[in-house]
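The lines below spell out each chain.
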Amino acid sequence: MSLSVIFLIILGLGAVAFFAGRARGNLFDPAVGAAAGERPHSRPVYHGWYVALAAILPALLLLTAWSFMQPRLLDAGIVASMPAADQPKTQIDRDAIIDEVKGLASGELQDAFNPASKAAVPVYEAARQRLTLGALVAAVMIGLAGAGWAYTRLRPDFRARTRVERIVMGILIAASLIAVLTTFGIVLSLLFESLRFFKTVSPIEFLFGTQWSPQTAIRADQAGSSGAFGAVPLFWGTIFIGAIIAMAVAIPFGLMSAIWLTQYAPAKLRSVLKPLLEILAGVPTVVYGFFAALTVAPALRDFAFAVGIPGASSESALAAGLVMGVMIIPFVSSMADDSMAAVPQAMRDGSLAMGATPSETIKRVLVPAALPGIVGGVLLAVSRAIGETMIVVMAAGLAANMTANPFATVTTVTTQIVTLLTGDQEFDSPKTLSAFALGLVLFVVTLILNIVALRVVKKYREAYE
Amino acid sequence: MTEMATNAQTVTPSAATDAVTTKMTARDVSVFYGAKQALKSVSIDVSRENVVAFIGPSGCGKSTFLRCLNRMNDTVASARVEGEIKLDGEDIYSAQMDVVQLRARVGMVFQKPNPFPKSIYENVAYGPRIHGLAKTRADMDNIVEGSLRRAGLWEEAKDRLQESGTAMSGGQQQRLCIARAIAVDPEVILMDEPCSALDPIATAKIEELIDDLRGKYAIVIVTHNMQQAARVSQKTAFFHLGTMVEYGDTSTIFTNPTEPRTKDYITGRYG
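Residues numbered from 1 in each chain as written. Chains lettered and ligands numbered in written order. Predicted model: local features only at pLDDT ≥ 70, side-chain atom pairs only at ≥ 80, totals over all residues. Heavy atoms only, no water.

### Focus on the sheet that holds strand E1 (residues 22-33) of chain B
Residues and elements named next belong to chain B.
Step number 1: If you trace the four strands from one edge of the open sheet to the other, you get E2-E1-E4-E5, paired in antiparallel fashion. In this open sheet, the two strands that pair with only one neighbour each are strand E2 (36-47) and strand E5 (90-91).
Step number 2: Across eight bridges, E1 lies against E2 in antiparallel orientation. Its bridge partner lying in E2, Thr22 is registered against Ser47. (Pairing = 2+ DSSP bridges. Helix = DSSP H or I, 4+ residues; strand = E, 2+ residues; numbered from the N terminus.)

### Looking at the pattern of salt bridges
Residues and elements named next belong to chain B.
Step number 1: Under the definition given, this model contains 26 salt bridges over all chains.
Step number 2: Taking the shortest distance from any N to any O, the salt bridge between Glu187 and Lys23 comes out at 3.2 Å. Placement of the pair is Glu187 in the loop between helix H7 (170-183) and strand E7 (188-192) and Lys23 in strand E1, with a sequence separation of 164 residues.
Step number 3: Of the residues examined, Lys23 reaches a relative accessible area of 12% and is grouped as buried. (Salt bridge = Lys/Arg side-chain N within 4 Å of Asp/Glu carboxyl O. Buried < 20%, exposed > 50% of the residue type's maximum accessible area, 1.4 Å probe, protein only.)

### Examining the environment of A:Arg39
Step number 1: Secondary-structure assignment places A:Arg39 in the loop between helix H1 (3-28) and helix H2 (44-81).
Step number 2: Separated by ten residues in sequence, A:Arg39 and A:Asp29 place their C-alpha atoms 7.0 Å apart.

### Quick word on the confidence of the model for chain B
Residue and element names in this part refer to chain B.
Step number 1: Chain-level pLDDT for chain B is 86 on average; 92% of the residues reach the 70-or-more range.
Step number 2: For chain B, the element scoring lowest by mean pLDDT is helix H1 (residues 3-17), at 44; strand E8 (residues 218-222) scores highest, at 94.
Step number 3: Within the model, the stretch residues 1-18 combines pLDDT values under 50 with 25 contacts to residues more than four positions away or in other chains.
Step number 4: Among the prediction metrics, the complex's ipTM stands at 0.80, with pTM recorded as 0.70. (pLDDT = per-residue confidence, 0-100. Contact = heavy atoms within 4.5 Å.)

### Observations regarding the interface of chain B and chain A
Step number 1: At the junction of the two partners, chain B supplies 24 residues and chain A supplies 17 residues.
Step number 2: Surface buried jointly by chain B and chain A totals about 1,600 Å² across both partners, of which 65% is contributed by carbon and sulfur atoms.
Step number 3: Of the charged contacts, one joins B:Arg67 and A:Asp349 as a salt bridge, the two residues approaching to 3.8 Å between their closest N and O atoms.
Step number 4: There are four residue pairs in polar contact (both at pLDDT 80 or more) connecting chain B and chain A. (Buried area = accessible area lost by both parts, 1.4 Å probe. Polar contact = N/O pair within 3.5 Å; in protein donor to acceptor, adjacent residues only side chain to side chain.)

### Describing the sheet that holds strand E10 (residues 243-249) of chain B
Residue and element names in this part refer to chain B.
Step number 1: With mixed pairing, the six strands of this open sheet are ordered in space as E6-E7-E8-E3-E9-E10. The two strands at the open ends of the sheet, each matched to only one other strand, are strand E6 (106-109) and E10. Here the average twist between neighbouring strands, direction ignored, is 15°.
Step number 2: Bridge count between strand E3 (residues 52-55) and E8: three bridges; the pairing is parallel. Within E8, the position partnered with Val52 by the bridge is Val220. (Axes fitted to C-alpha atoms, helices over the stretch in contact; angles between N-to-C directions.)

### Focus on the nonpolar core
Side chains of nonpolar character tend, in soluble globular proteins, to be buried together.
Step number 1: Of all hydrophobic cores here, the largest spans 75 residues; its most connected members are A:Phe206, A:Trp212, A:Ile241, A:Met324, A:Ile328, A:Ile391 and A:Leu438.
Step number 2: Setting aside chain neighbours within four positions, we find A:Phe206 in contact with A:Phe197, A:Phe198, A:Val201, A:Trp212, A:Phe229, A:Gly230, A:Ala231, A:Val232, A:Ala437, A:Leu438 and A:Val441.
Step number 3: Listed in part, the 44 residues of the second largest apolar core include B:Ala125, B:Ala134, B:Cys195 and B:Ile253. (Core = buried A, V, L, I, M, F, W, Y, C linked by side-chain atoms within 4.5 Å.)

### Section: the packing of helix H3 (residues 91-106) of chain A against helix H4 (residues 115-153) of chain A
In a packed pair of helices, the relevant descriptors are the angle between the two axes and the axis-to-axis distance.
Residues and elements named next belong to chain A.
Step number 1: Two elements in contact, H3 and H4, have axes whose closest approach is 9 Å; the angle formed by their N-to-C orientations is 65°. With respect to their mutual orientation, H3 and H4 come out roughly perpendicular. Every pair of crossing elements has a handedness; the one defined by H3 and H4 is right-handed. Note on element contacts: H4 touches H3 through Ser117, Lys118, Ala120, Val121, Tyr124 and Glu125, opposite Ile97, Glu100, Val101, Lys102, Leu104 and Ala105.
Step number 2: When its residues are assigned to classes, the contact of H3 with H4 shows seven nonpolar, one polar and four charged. (Parallel < 35°, antiparallel > 145°, perpendicular 65-115°, else oblique. Left-handed = near helix turned anticlockwise from the far one by under 90°. Nonpolar A, V, L, I, M, F, W, Y, C, P; charged D, E, K, R; others polar.)

### Focus on the packing of aromatic side chains
Step number 1: Evaluation of the coordinates by the stated rule reveals 16 aromatic pairs over all chains.
Step number 2: Taken together, a centroid distance of 5.4 Å and an interplanar angle of 75° make the contact between A:Phe18 and A:Phe19 edge-to-face.
Step number 3: Ring centres 5.4 Å apart and planes at 75° place the aromatic pair A:Phe197 and A:Phe206 in the edge-to-face group.
Step number 4: A residue is classified by how much of its surface remains accessible, and A:Phe206, at 0% relative accessible area, is buried.
Step number 5: A connected cluster of aromatic rings, assembled from ring pairs, spans A:Phe197, A:Phe198, A:Phe206, A:Trp212, A:Phe229 and A:Phe235.
Step number 6: One cation-aromatic arrangement involves A:Arg24 over A:Tyr151; the distance from NZ or CZ to the ring centre is 5.0 Å.
Step number 7: A cation sits over an aromatic face here: B:Arg180 above B:Phe116, 4.3 Å from the ring centre. (Phe/Tyr/Trp six-rings, centres within 6.5 Å; stacked < 30°, edge-to-face > 60°. Lys NZ or Arg CZ within 6 Å of the ring centre and 35° of its normal.)

Laid out in structure tokens, this is it:
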């Protein structure tokens, strides 16, 4: 029997509790009879829910805690059951034996490398059954106790509706906290790993150094790779691709398409084109990556050779930037669209009534009035572009060059993170740890961009409401 | 032709017999929004000497008609206008008429003050800039000052020309919008309930201003406020359910209307 079966049993218990509570609630109905007099405070169904929640919630909490505890107890049990001579000396040995025992028990492994493991299997099985049974008994006891306690509290004037409402609110709060807490967890883990990195490489060298060569020697006698962690070339590559080239594409095209869609397009055409443009935002970035790497990049390289531009590479900043710009167009367009639609019609009418043409009205009234919203949209787009990974992994290069030649190869922060962390890696070398430091920088920059953008957009929204 | 339309037409000649120079003429104007007819066969004359007021309950078509006079209904895709509207004898709905030039000649002030989110100076300079009316900075300064003076706003605004137009009070904003309309030197000014968002003192100032502007510009004003129509206009048209029920001298309409429906509306029986 596993914990999931116990979970189902608890739910069954909850169902029984619900019907019992509701039946009791029905008795309070003056129409039914028994308790004549006042109208009950809550409808029977709320009494039912109250009892059911009182049964389920504590039992579930217990089960959750138990499911965290059980593996640890089991592991400790396995090791303790072994004769002192066979007991593992190191953490690695310990993990290996425990994995073996578990594999044998579940039937995944046919035979064990360590004979001691085989002997521990029956012990492990027995301990597991004992613990699971314990979990079942404890959960059912707590569930019954909760239901019984709740059941005895039911009275005609008991505020079951208010209580259930409060519990539901509590569950909703818990659900929304999960996202926030996860973000905090991510930040903490980034911070923690980054601190380990900064113990070996000074933050100043990392933030201002211009040499990026993360290969470090694993053995003392290995030649060549000394490791240099100056991230400026990566920051430059990221800005060059994400904030300069991509925006040079996305801002004009996004803005112009938004202007055409809001001001000129016939309603029917708009209702077709706008969703179409938004579908563009839903294309998986890896598909854009193919397109950038296999179509755009070779074409640009051939063009550069034909024109005689030096330093042209088949993994160019321009290819990645152009395709990323196309990907960002819907974001800019949709934000600009929203903010121009938010400019009151009266403003447009006022300008048109002065004898301004539609394009004069757009240029002199609409765009200036919508500018804060547009700027906010562009900032959000930049923050997305510099965090974008797939396109640059596929189309930008790995060489950390500091060049303003768009046909040359550059690398970005996200590309390097992927390169540093894929494959077999040891997680205590500065090489892998530097990925966390890069991630932290990226996180901080996009966070700032998002905060500024949202503030700008919000401030502007207030102006017209 | 409906009975009301006949009535309206029988009254119109009285306007033509006055010794005035007619600026705009509308004949048998009907407006449709999609399949729904919002205005039925309205005819009217507008002159410089007489301020014309349109009164009537909400949804009666008076604003719709006003917006026909400078083709602001063009911005509504489903709107269709029939009949004939002439400005100085030129058909404004003909293919030769440039709507941009038309709107420069027939200005408009809206119900809610709608200054642009620019400085006071730039608000007034907006039209002249678009139409290239000022060659030098000094010309523009003159136009701005003149327009603000005529709108009775110069004394209040001269020390804060660079402040945002949206920072002014509602009444000042509306006078700024009037100054903005005047700045392109129009021949006709259309006002769509210009005081409905203003307090009584600001309203009184606008009404005074309308009286000052009479004679220089042909003015048409839509209003819900019958006292206002009585105070500022010389001619009044009463609209009801998309038809012009009665049109005549303001004094006659308010003291001795021929139509029972006009009388009912003016005495507050409905509307």
